[in-house]
Amino acid sequence: MMIALMALYLALLFTLVWLGAIRFNAFWKASPLVVLLLLNVGLFIPMGWGAPQGKALVYRNAVSIVPDVAGEVMDVPARPNASLKQGDVLFKIDPTPYDAQVKAIEAQLKLSSTRLTQMTSLYERDAGRGFDVEQRQSEVDQLKAQLQSAQWNLDKTVVRAPADGYVTNVALRKGARVGNLSAAPVMAFIDTSATQVAVEIDQINARYVAPGDAVEIAFKYVPGRVLSGKVESVLQAVATGQTQVSGAAVAPKGIETVPFVVRVALDDAELAKALPAGATGTAAIFTDHVKVSHVIRRVLLRQISIIDYVNPF
């Protein structure tokens, strides 16, 4: 863009000289250097914080699927990368032992409820003790709680999608045995209910970025298009500034200047859902400062979107 503006100025200068509108003296000979300096100091350098630019990345939350109960897998209806709705079945575990547990507790509860009724009837006729009634009531309450827990285990033999999304890299098959240990997930579920876009902005240019600022992004996945959005938040911490509880003294390490991350929400929600996780691009954030530079940044971003047709990097 700098070259284009300078070329435009030089063309205008030579045209005026050729028409005789100005005399090509020392001042006009030195004017291109003056214009170049003014463009840098007054426009392009301030554009860094008035309309900062950085790399953009689409990411999605991944949920490690770990069943709440252990057992043998009976069926795996979920297919890799197939769209799923919240509540759709991912896989089923053999419910036989859990169903048997429910029936056993139901039988005990039925008997205890009958005894409670009998004891209550005797007590009301002054032929029984109040302690016996309380004891039977306690048994009934305990069995109801056990039945609720057993029914919950039975329901959890059907593992369902926690949100809209899809499972990827599905290796689970019928006959496999799964456990309920968090260290042994059996599927990776990609949540597509919300599309997250992160933009890296150099620290020197991030000073004026604030929630609500307009954003434009050129993704390589959709070359030739510029998507609009808004800044949701600016993450207030990066890994290099994090301290962890430890019994050791502070270990010296090299301090590095890393970019800050800005979270962005795209205006086109449907297109946002279509963007695959890992899609990259270039983003520009338009702050309330140096607004004269916004037009330049918009032009530069559209040039990038067109170049994306042939540039894989």
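One can find the structure itself at the top, above this paragraph.
This structure is a prediction, so every number in the text was calculated from the model and none was measured.

(A) Fine view of the overall build of the protein chain. Counting its secondary structure elements, the protein chain contains 6 helices and 13 strands. In summary, the protein chain has a C-alpha radius of gyration of 34 Å against a globular reference of 20 Å for 313 residues, an excess of more than 25%. Each principal axis of the C-alpha atoms in the protein chain carries an extent, and together these give about 125 × 45 × 40 Å. A burial count over the protein chain gives 33% of its 313 residues as buried.

(B) Focus on the sheet that holds strand E5 (residues 158-160). The strand order E5-E4-E3-E7 describes an open sheet built from 4 strands, whose pairing is antiparallel. Only two strands of the sheet have a single neighbouring strand rather than two, namely E5 and strand E7 (177-178). Relative to E5, strand E4 (residues 89-93) runs antiparallel, the two sharing 3 bridges. Its bridge partner being in E5, Val89 is matched across the sheet by Arg160.

(C) Geometry of the side chain of Thr282. Structurally, Thr282 can be placed in strand E13 (residues 280-286). When its relative accessible area of 10% is taken as the criterion, Thr282 is described as buried. With residues near it in sequence (within four places) discarded, Thr282 still touches Gln53, Gly54, Lys55, Glu216, Ile217, Ala218, Leu301 and Ile304.

(D) Quick peek at the sheet that holds strand E1 (residues 53-59). The strand order around the closed barrel built from 6 strands is E1-E9-E12-E11-E10-E13, with neighbouring strands paired in antiparallel fashion. Going across the sheet, the axis of each strand differs from the next one's by a mean of 40 degrees, ignoring polarity. Summarising the sheet, strand E10 (residues 214-219) and strand E11 (residues 227-234) pair through 4 bridges and their orientation is antiparallel. Across the sheet, Val215 pairs through a bridge with Gly229, a residue of E11. Together, E1, E10 and E13 form the strand contacts of helix H6 (residues 294-307), whose direction differs from that of E13 by roughly 170 degrees.

(E) A look at helix H3 (residues 96-124). Given a rise of 1.5 Å per residue, 29 residues ought to cover 42 Å, and the 42 Å separating the end C-alpha atoms of H3 matches this to within 8%. Taken residue by residue, H3 has Tyr98, Val102, Ile105, Leu109, Ser112 and Leu116 as its buried positions. If you follow the buried residues of H3, they end up packed against helix H4 (130-155). At the C-terminal side of H3, Asp126 shows a positive phi close to 60 degrees.

(F) Here's a closer look at the nonpolar core. Core analysis: the biggest nonpolar cluster contains 29 residues, and Leu90, Phe91, Val167 and Met187 have the highest contact counts within it. Looking at this core, the elements with two or more residues in it are E4, H3, H4 and strand E8 (187-191). No other element matches the 6 residues that H4 contributes to this core. Beyond its immediate chain neighbours, meaning those up to four positions away, Val167 contacts Ala78, Arg79, Pro80, Asn81, Leu84, Leu90, Met187, Ala188 and Phe189. Counting residues in hydrophobic clusters, the runner-up holds 23 residues, among them Ala56, Val197, Val234 and Ala279.

(G) Region of the structure containing the packing of aromatic side chains. Under the criterion given, the structure shown has 0 aromatic pairs. In this structure, Arg207 is placed above the aromatic ring of Trp49, and the distance from its NZ or CZ to the ring centre is 4.7 Å.

(H) A nonpolar patch on the surface, seen in detail. On the surface, Ile306, Ile307, Tyr309 and Val310 cluster together into a nonpolar patch covering about 470 Å² of accessible area. Here Tyr309 is to be found in the segment after H6.

(I) Up close: the packing of H3 against H4. Where H3 contacts H4, the axes come no closer than 8 Å and their chain directions differ by 160 degrees. Considered as vectors, H3 and H4 are oriented roughly antiparallel to each other. For the element pair H3 and H4, the recorded crossing hand is left-handed. Of the residues assigned to the contact of H3 with H4, the class counts are 13 nonpolar, 10 polar and 7 charged.

(J) Quick peek at the environment of Ala210. Within the fold, Ala210 resides in the loop between strand E9 (196-201) and E10. Using a relative accessible area of 28% as the deciding quantity, one classes Ala210 as partly exposed. A sequence separation of 77 residues divides Ala210 from Thr287, and the C-alpha atoms of the two residues are 7.4 Å apart.

(K) How the structure looks around the pairing of E9. In terms of burial, E9 is largely enclosed, as 5 of its 6 residues are buried. Across 4 bridges, the pairing between E1 and E9 is antiparallel. From the neighbouring strand, Leu57 faces E9, where its bridge partner is Ala198. Examined bridge by bridge, E9 and strand E12 (residues 260-266) share 5 bridges and lie antiparallel to one another. The partner of Glu200 across the bridge, within E12, is Val261.

Rules used in this analysis
Residue numbers run consecutively from 1 along every chain, following the written order of its sequence. Local features are withheld for residues below a pLDDT of 70 in this predicted model, meaning they are given only at 70 or higher, and side-chain atom pairs are given and counted only at 80 or more; totals for whole chains, interfaces and linings count all residues. Derived side-chain values reflect all non-hydrogen atoms in the structure, with water molecules and hydrogen atoms excluded from consideration. Secondary structure elements are defined from DSSP: runs of H or I of at least 4 residues count as helices, runs of E of at least 2 residues count as strands, and each element is numbered from the N terminus. Taken over C-alpha atoms, the radius of gyration is set against a globule rule of 2.2 Å times the number of residues to the power 0.38. Relative accessibility decides the category of a residue: with a 1.4 Å probe and only protein chains considered, values under 20% of the type maximum give buried, values over 50% give exposed, and everything between is partly exposed. Should DSSP find at least two bridges between two strands, the strands are taken to pair. Note on contacts: a residue pair qualifies if any of its non-hydrogen atoms lie within 4.5 Å across the two residues. An axis is simply a line fitted to the C-alpha atoms; with a helix, the fit covers only the stretch in contact. Between two such axes, the angle follows the N-to-C directions and lies from 0 to 180 degrees. Each helix should span, by expectation, one fewer than its residue count multiplied by 1.5 Å. For our purposes a nonpolar core is just a set of buried Ala, Val, Leu, Ile, Met, Phe, Trp, Tyr and Cys residues, chained together by side-chain atoms within 4.5 Å. The pairing test for Phe, Tyr and Trp rings, Trp by its six-membered ring, is centres within 6.5 Å, and the orientation test on the planes gives stacked under 30 degrees, edge-to-face over 60, and tilted for anything in between. Counted as over-ring charges are cases with an Arg CZ or a Lys NZ within 6 Å of the ring centre that also lie within 35 degrees of the ring normal. Surface patches are defined over residues having more than 30% relative accessible area and no salt bridge, joining like charges when they lie within 9 Å and nonpolar side chains (Val, Leu, Ile, Met, Phe, Trp, Tyr) when within 5 Å. Residue exposure ignores everything except the shown protein chains as possible cover, and the areas themselves are Shrake-Rupley values with a 1.4 Å probe. Only one rule defines a salt bridge in this text: a Lys or Arg side-chain nitrogen within 4 Å of an Asp or Glu carboxyl oxygen. An angle counts as roughly parallel when it lies under 35 degrees, as roughly antiparallel when it exceeds 145, as roughly perpendicular when it falls between 65 and 115, and as oblique in every other case. Take the far helix as the reference: if the near one is turned anticlockwise from it by less than a right angle, the crossing is left-handed, and if turned clockwise, right-handed. Here the term charged refers only to Asp, Glu, Lys and Arg, the term nonpolar to Ala, Val, Leu, Ile, Met, Phe, Trp, Tyr, Cys and Pro, and the term polar to all other amino acids, Gly among them.

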